[in-house]
Every structure is written in structure tokens, then in C-alpha cells.
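Structure at a glance
As a plain string of letters, each chain reads:
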Amino acid sequence: MILTSDEGYFEKIGGFMSWKMKCMDRKYLTKSLDLVERVFTESENAESGNTVRRLVEEIRSKRFYLPELELIMTDEMDEVIGYAMFSGFHLEGRYEGQLLLLSPVAVKTELQRRHISKELIEYGFEKAGKMGYKAVIVEGNPQNYNPRGFETSCNHGIIAGPGLQLPAPECLMVKELAEGSLKTIKGIVDYSDYQYLT
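Residues numbered from 1 in each chain as written. Predicted model: local features only at pLDDT ≥ 70, side-chain atom pairs only at ≥ 80, totals over all residues. Heavy atoms only, no water.

Let's talk about the nonpolar core
Applicable threshold: Throughout, nonpolar core names a set of buried Ala, Val, Leu, Ile, Met, Phe, Trp, Tyr and Cys residues whose side chains join them through atoms within 4.5 Å. Three exposure classes are used, based on accessible area relative to the maximum for each residue type with a 1.4 Å probe and protein chains only: buried under 20%, partly exposed in between, and exposed over 50%. Secondary structure elements follow DSSP: runs of H or I of four or more residues count as helices, runs of E of two or more count as strands, with numbering from the N terminus. Contacts between residues were defined by any pair of non-hydrogen atoms, one from each residue, lying within 4.5 Å.
Core analysis: the biggest nonpolar cluster contains 35 residues, and Y83, F89, L91, L99, I137, I158 and V189 have the highest contact counts within it. At the level of elements, α1 (29-43), α2 (46-60), β5 (80-91), β6 (94-107), β7 (135-139) and β10 (172-176) are the ones that each hand at least two residues to this core. Aside from chain neighbours lying at most four places away, what touches I158 is L91, I137, S153, V174, L182, I185, K186, G187 and V189.

Quick word on the packing of aromatic side chains
The geometry of an aromatic ring pair comes down to the distance between the two centres and the angle between the two planes. To be explicit about the condition: Aromatic pairs are defined between Phe, Tyr and Trp rings, using the six-membered ring for Trp, whenever the two ring centres lie within 6.5 Å; interplanar angles under 30 degrees are classed as stacked, those over 60 as edge-to-face, and all others as tilted. In this analysis the charged atom, NZ for Lys or CZ for Arg, is taken to sit over a ring once it is within 6 Å of the ring centre and within 35 degrees of the ring normal.
Within this structure, the stated rule accounts for five aromatic pairs. Geometrically, the ring pair formed by F89 and Y191 is edge-to-face, given 6.3 Å between the ring centres and 65 degrees between the ring planes. Of the two residues, F89 sits in strand β5 while Y191 sits in the segment after β11 (187-189), which places them 102 residues apart along the sequence. Accessibility expressed as a relative area gives 3% for F89, which makes it buried. By relative accessible area, Y191 is classed as buried at 7%. Between Y145 and F150 the ring centres are 5.7 Å apart and the planes differ by 85 degrees, which places this aromatic pair in the edge-to-face class. The residues Y145 and F150 share a single accessibility class, namely buried. An aromatic cluster is present here, built from F86, F125, Y145 and F150 joined pairwise through their rings. The ring of F125 is capped by K175, whose NZ or CZ atom sits 4.9 Å from the centre of that ring.

Put into C-alpha cells, the structure is as follows:
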């Protein structure tokens, strides 16, 4: 059961666990980095884990960082078990203030497939929409993101730049937060603002 509160969402599972969703707070900065690195190390390798950790640190240091859209879920011991970062993005210098990038998303390995990322992402959509953002771009497995409403971005005129090495065009996706916004948001996705976003 999901309940809304001032702090975020609370989820009770079987009456035994209490998980809390919240925006980033100073005391979770390092804990969230540790989670992200551990999850990507376990799912891919140590180099990927380190790269994603550095990406989070890099985004936090740039003008694109939005602390209110860096979301975490904590368990009953106040440990970070889920993470999703939405940050500002642009296409060829346009749409800044309208467009977001969702990256990275991580859930503690043993708690995956329990809708933690779903809750974080959907809460992020709601919050971002209220902040006036129009669309979100994500790169990843379509099977993970299509159920959240993401569609292949090139079908909407948002195409991968030459620096993006996608396994397939369907791996770059976009989700509309404001109805009709994808009729006017078009351009080339380029990660040149980032050293660790590949």
C-alpha cells in the first residue's frame, strides 16, 4: 500500500518493512554513491560501478543538478535501497528547463523486482511535472522503461548523436510529461557536457 506524506511515499510490505521515499538529503550523499557503485559493480563490473559513481558526482557539480529530483528510497534501518536521478538536459542548447535526463537508476540487488525503481521513477515524473518540466530522456533497456511510458525517441524527432553507442535505436527513449510537448521538442542527444556519461 502506498501512502502520500510530506516526506515522500511510504510503502509497507507484509506489515514488516517500512520503506520511505525522499529527495536527497546531505546525510545520504555518500550512502547513495555507495549503493549506485555497488549495484553497477554487481550487475556489470567494477569499472562500470566506478564510472556510474563518478557520473553522479559529476552531475551534482554541474548546473544541471536538481537536488529535489535526486530521489532515494530507504529501508527501516534508514539505509539507501533505491536511487533515481533526474537532471536537467538540453538538445543542441535548446529546451533547458523543459527537458530532463533520467540517469542513473539503481536498486539494491537483492531487492530488485519489488517495484522500488517504479515508485521512484513515477514519483519523479509527478514532481518534475509540477516543476514545469515537459519530457524525460533515458537510455537503457526498453523492457525496463516502456512500461513506465517511455517511447523510442527517434519516433519523436529526438535522435542519438554520433557519440552515443546504442545497442539499438530503441534504447534511447523519451517520455512526455506534458501533453503535446513532444510535438515541439526535437533535436540531437549529445553527452558532450559530461565526462562520465557514455
